[in-house]
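Tertiary structure, described
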Amino acid sequence: MGAAGGPASEDGPDKGKTVATVIMILVQLAFAGWHVLGKVALNTGVSPLFFALIREAGASLVLLLLAAIFDPKPKYPSKQEMKVFFILGVLIFINIVGFILALNLVTPITAAIYQPLIPVWTAFWAVLFKVEPANPYMITGIAISVSGAVVAAMSESHPSNDQGTDGMAMDILENADLEETSSLISPDIEIVEMDILKQEQSFYERMAENSLLGHGILLVQTLALGTLYLVQKKIVHEFPSLTSTAWYYSIGSFLTVVTCVGYFQSIEGIIQEFTYLSNTHVLVAFLYAVVVGTAFTYGGSTWANQRLHASVVSLYTVLQSPFTLLLSVLALGTKPEVQDILSMIAIIFGMSLVVLSKRGEDKVKRKTTEDGILVEDGLGGDEEEHRLLVGDKSS
């Protein structure tokens, strides 16, 4: 499945892109399942940061094991490639931790509604750094998909206020209560400290009631993942998909461990959270998140990113909104509105417009190659993106 090799047959590139397309659709369905299961697990009271920790640690082990099986003698990265892996690790850390924190504040559908911003960020960077041309069909398709997501976000079937303080990260509020109790040491400062703590707690409650914190985190999360798809192009053809995914994901896991230790301030606090795994909902969500919601989704995305444009790979994330809505209807009893159905149609139409326009570009390039005007390998525009990002090593 590597990118290297001789010239592909005429049907080879299209076949590879078709398989990559199917994988990316399944990836979005897997993400949608994680949105619903993750919300159910977080409703048990487990800390979002702890859940992010066990998810990333478990997924890293699975990915490293699979990489060792399928790539027993991996190529070691150069210093420049190590920097790229570190950047990818930081981006995946922001994406994973940010999404879980936000999911504790908003509904699964609201979280999914923000995901169509991912291709917007990817297309923005691609056009800004001249990695991809500003194809009018691409811009129109993205605009239609995002508009459909915005319409779905305004649907009455999932109120924008989400869960209010009930959906707030309860460990934050509980920590505030503990601090309030422990601060009653000196009678001279008791009233002042209590007033300050009440103001802080009131701030967190107001943020939770308006879902502002969750929405803000989702903006940063989508920016991180949208950027990751493009930065990944720097190394995606240099390493097998499982190996590169395992390495940068492990870096993200390490950053999550450091964050959790700083947040819980003790290993004992983290160990205590493991008692939540006795809850069936948390255990099922954890196993799903590790195997399906992480190993398959990010490994599959990396493999597809070797064969498709970065903007096309990221564009498939718009399918998370309709898939999550569908699963919410089936599993959580959500009642969809007419505008939900219309928004789904808009999202899929816009995505199809971009994908078809990109395939049309690649066919034109291959036709040009046959005429002897342009020399390009069988994978089309994706290799061109790679050369633009890392430079032409043959020159």
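Let's talk about the overall build of the chain
If you tally the helices and strands in the chain, you get 16 helices and zero strands. Restricting the contact set of the chain to residue pairs at least 6 apart, pairs at least 24 apart contribute 88%.

Some details on the packing of aromatic side chains
Here the distance between the centres and the angle between the planes together describe a pair of aromatic rings. In this structure the tally under the stated criterion is nine aromatic pairs. Ring geometry for F31 versus Y298: centroids 5.6 Å apart, planes at 75 degrees, classification edge-to-face. Here F31, found in helix α1 (residues 11–42), pairs with Y298, found in helix α12 (residues 280–305); they are 267 residues apart in sequence, far enough to count as distant. Both residues of the pair, F31 and Y298, count as buried. With 5.1 Å between their ring centres and 85 degrees between their planes, Y263 and F264 make a pair best called edge-to-face.

Focus: the side chain of T222
Along the chain, the position of T222 falls in helix α9 (residues 212–231). When its relative accessible area of 0% is taken as the criterion, T222 is described as buried. In this structure, T222 is in contact with Y114, Q115, L117, I118 and W121, ignoring residues within four places of it in sequence.

Quick word on a nonpolar patch on the surface
A grouping of V257, V261, I267, I271 and F274 is seen on the molecular surface, where their side chains present a nonpolar patch of about 420 Å² in accessible area. Going through the elements one at a time, α10 (241–264) and α11 (267–273) are the ones with two or more residues in the nonpolar patch. By secondary structure assignment, the location of V261 is in helix α10. V261 sits in the partly exposed class, given a relative accessible area of 33%.

Brief notes about the nonpolar core
Soluble globular proteins tend to bury their nonpolar side chains together. Counting 74 residues, the largest nonpolar core has F51, L228, Y248, Y249 and Y298 as its most contacted members. In terms of residues, this core owes the most to one element, helix α3 (residues 79–103), which gives 12 residues. The residues contacting Y248, other than those within four sequence positions of it, are F85, L88, G89, I92, L228, Q232, Y298 and T302.

Observations regarding the side chain of T317
As for its position among the elements, T317 is in the loop between α13 (310–315) and α14 (320–331). The exposure class of T317 is buried, given its relative accessible area of 0%.

Looking at empty space enclosed by the protein
All told, the structure shown has three cavities of 30 Å³ or more when counted by the stated rule. Roughly 100 Å³ of volume is contained in the largest cavity. Every residue along the wall of the largest cavity is listed here: F31, W34, H35, R55, N95, I96, F99, Q115, Q221, L225, Y298 and Q320. Contributing elements (two or more residues each) for the lining of the largest cavity: α1, α3 and α9.

Focus on the confidence of the model for the chain
Averaged over the chain, the pLDDT score is 74; the fraction of residues at 70 or greater is 70%. Averaged over each element, pLDDT in the chain is lowest for helix α7 (residues 170–182) (42) and highest for α3 (91). Confidence over residues 160–186 falls short of pLDDT 50; this stretch has 50 contacts with residues more than four positions distant or in other chains. For residues 374–381, every residue scores under 50 in pLDDT, and the model assigns this stretch 19 contacts once sequence neighbours within four places are set aside.

Some points on the packing of helix α5 (residues 117–128) against α9
α9 packs onto α5 with a crossing angle of 50 degrees between their chain directions and a minimal axis gap of 8 Å. As judged from the angle between their axes, α5 and α9 are oblique. By crossing handedness, the relation of α5 to α9 is classed as right-handed. Of the residues in α9, those touching α5 at L117, I118, W121, T122, W125 and A126 are L219, T222, L223, L225, G226, T227, Y229 and L230. A class-by-class count of the residues in the contact of α5 with α9 yields 10 nonpolar, four polar and no charged.

Remarks on the environment of F51
Of note, F51 is situated in helix α2 (residues 48–70). Overall, the relative accessible area of 1% leaves F51 in the buried class. Once the C-alpha coordinates of F51 and L277 are considered, the two residues, 226 residues apart in sequence, prove to be 9.8 Å apart. Sequence-distant contacts of F51, defined by excluding residues within four places in its chain, comprise W34, A41, V46, I100, V282, A285, F286 and A289.

Regarding the environment of N135
With respect to the helices, strands and loops of the structure, N135 is situated in the loop between α5 and α6 (136–153). Looking at N135, the relative accessible area reads 9%, which means it is buried. A sequence separation of 222 residues divides N135 from S357, and the C-alpha atoms of the two residues are 8.1 Å apart.

Here's the deal with the packing of α2 against α3
Geometrically, a packed helix pair is captured by the angle between its two axes and the distance between the axes. Two elements in contact, α2 and α3, have axes whose closest approach is 9 Å; the angle formed by their N-to-C orientations is 140 degrees. On the basis of their axis angle, the class for α2 and α3 is oblique. Of the two possible hands of crossing, α2 and α3 adopt the one that is right-handed. Every residue of α3 that contacts α2 at P48, L49, F51, A52, R55 and E56 is listed here: I96, V97, I100 and L101. Residue classes in the contact of α2 with α3 are distributed as eight nonpolar, no polar and two charged.

Conventions and cut-offs
Residues numbered from 1 in each chain as written. Predicted model: local features only at pLDDT ≥ 70, side-chain atom pairs only at ≥ 80, totals over all residues. Heavy atoms only, no water. Helix = DSSP H or I, 4+ residues; strand = E, 2+ residues; numbered from the N terminus. Contact = heavy atoms within 4.5 Å. Phe/Tyr/Trp six-rings, centres within 6.5 Å; stacked < 30°, edge-to-face > 60°. Buried < 20%, exposed > 50% of the residue type's maximum accessible area, 1.4 Å probe, protein only. Patch = residues over 30% accessible without salt bridge, like charges linked within 9 Å, V, L, I, M, F, W, Y side chains within 5 Å. Areas by Shrake-Rupley, 256 points an atom, 1.4 Å probe, with all protein chains shown as cover. Salt bridge = Lys/Arg side-chain N within 4 Å of Asp/Glu carboxyl O. Core = buried A, V, L, I, M, F, W, Y, C linked by side-chain atoms within 4.5 Å. 1 Å grid on protein atoms, 1.4 Å probe; cavity = no way out; pocket = protein on both sides within 12 Å on 5 of 7 lines; lining within 4 Å. Points joined across faces, edges and corners; volume = space filled by probe spheres on them. pLDDT = per-residue confidence, 0-100. Axes fitted to C-alpha atoms, helices over the stretch in contact; angles between N-to-C directions. Parallel < 35°, antiparallel > 145°, perpendicular 65-115°, else oblique. Left-handed = near helix turned anticlockwise from the far one by under 90°. Nonpolar A, V, L, I, M, F, W, Y, C, P; charged D, E, K, R; others polar.

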